[in-house]
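So the chains spell out like this:
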Amino acid sequence: MRDHQPKHLDVRAPLVLDTRDLPRRPGVQRALSRVVPAPKDLGVEMIGVPEGSDLHLDLRMESVSEGVLVSGTVSGDLEGECGRCLRPIEDELTVRIQELYAYPDSATEETTDEDEVGRLQDDLLDLEPALRDAVVLALPVNPLCREDCPGLCPDCGTPWDELPEGHSHEQTDPRWAALQGLINKTETVSTEE
Ligand SMILES: [Zn+2]
Ligand SMILES: [Zn+2]
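Small disclaimer: the values here were computed from a predicted structure and weren't measured.

1. Regarding the coordination of the zinc ion (ligand 2)
Geometrically, a metal with four donors at the corners of a regular tetrahedron has ideal angles of 109.5 degrees, and one with six donors at the corners of a regular octahedron has ideal angles of 90 or 180 degrees. For the zinc ion (ligand 2), the protein coordination sphere consists of Cys153 (SG), Cys156 (SG), His167 (NE2) and His169 (NE2), at 2.0 to 2.3 Å. Viewed at the metal, the four donor atoms of the zinc ion (ligand 2) are separated by angles of 97 to 115 degrees, and the geometry they form is tetrahedral. Donor residues for the zinc ion (ligand 2) sit on one chain with the sequence pattern C-x2-C-x10-H-x1-H. Taken together, the residues span a long stretch of sequence, with cysteine 156 in the loop between helix H2 (128-138) and helix H3 (174-192) and histidine 167 in the loop between H2 and H3 at a distance of 11 residues.

Here it is as structure tokens:
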């Protein structure tokens, strides 16, 4: 067997890219376009790319002196919930990626931490951490269905967008209601006597 097994990365994983076809000569480039299923939890709490939906990778791998530079875009569908009215949001997302994957034993590999600069492992690289960072940075923490979403009626919890104009609730003061109950009771008691 000529191929040895990768120690950590699985070549079959959708976001693991194989650089074996890329000659190790600075400046040489290869285009890479593929559609892969989105990994789990790609996003933030309120909005993200649904697991298993199509992610379009449109990337370029370039040999540089210290490793392989991956750049390009990743795009996919977004699903989430409006932070004000809680109604579903559907959108599309495109993020730019630029990440260096250092050769083992290169100066870059020796002088940086693994979370600063990626690593090539057995000619494979894992795009997922860089992709996750780019997606999280691109997403709003508090997504809105529209910029001026009016949110929910505080009394019935219905989105204002779905309520007729002038919607309101009869305001009954709870203290008054309690007093009313007390009066009724007293009346009942006095009638019985
Ligand atoms: Zn909304
Ligand atoms: Zn209401």
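2. Concerning the environment of glutamate 45
Along the chain, glutamate 45 turns up in the loop between strand S3 (42-43) and strand S4 (47-49). Separated by 36 residues in the primary sequence, glutamate 45 and glutamate 81 have C-alpha atoms spaced 9.3 Å apart.

3. Notes on the coordination of the zinc ion (ligand 1)
Within the protein, the atoms that donate to the zinc ion (ligand 1) are Cys82 (SG), Cys85 (SG), Cys145 (SG) and Cys149 (SG), at distances of 2.3 Å. Classification of the site at the zinc ion (ligand 1) as tetrahedral follows from its four donor atoms and the range of 106 to 113 degrees in their angles at the metal. Spacing between the donor residues of the zinc ion (ligand 1) along their common chain follows C-x2-C-x59-C-x3-C. One end of the pair, cysteine 82, is in the loop between strand S6 (67-81) and strand S7 (88-102); the other, cysteine 149, is in the loop between H2 and H3, and 67 residues separate them in sequence. For cysteine 82, a relative accessible area of 0% puts it in the buried group.

Scoring rules and cut-offs
Residues numbered from 1 in each chain as written. Chains lettered and ligands numbered in written order. Predicted model: local features only at pLDDT ≥ 70, side-chain atom pairs only at ≥ 80, totals over all residues. Heavy atoms only, no water. Donors = N, O, S within 2.8 Å, 3.2 Å for Na, K, Ca; no water. Tetrahedral: all angles 85-135°; square planar, octahedral: opposite > 155°, others 65-115°. Helix = DSSP H or I, 4+ residues; strand = E, 2+ residues; numbered from the N terminus. Buried < 20%, exposed > 50% of the residue type's maximum accessible area, 1.4 Å probe, protein only.

Nothing here speaks to function; it is all geometry.
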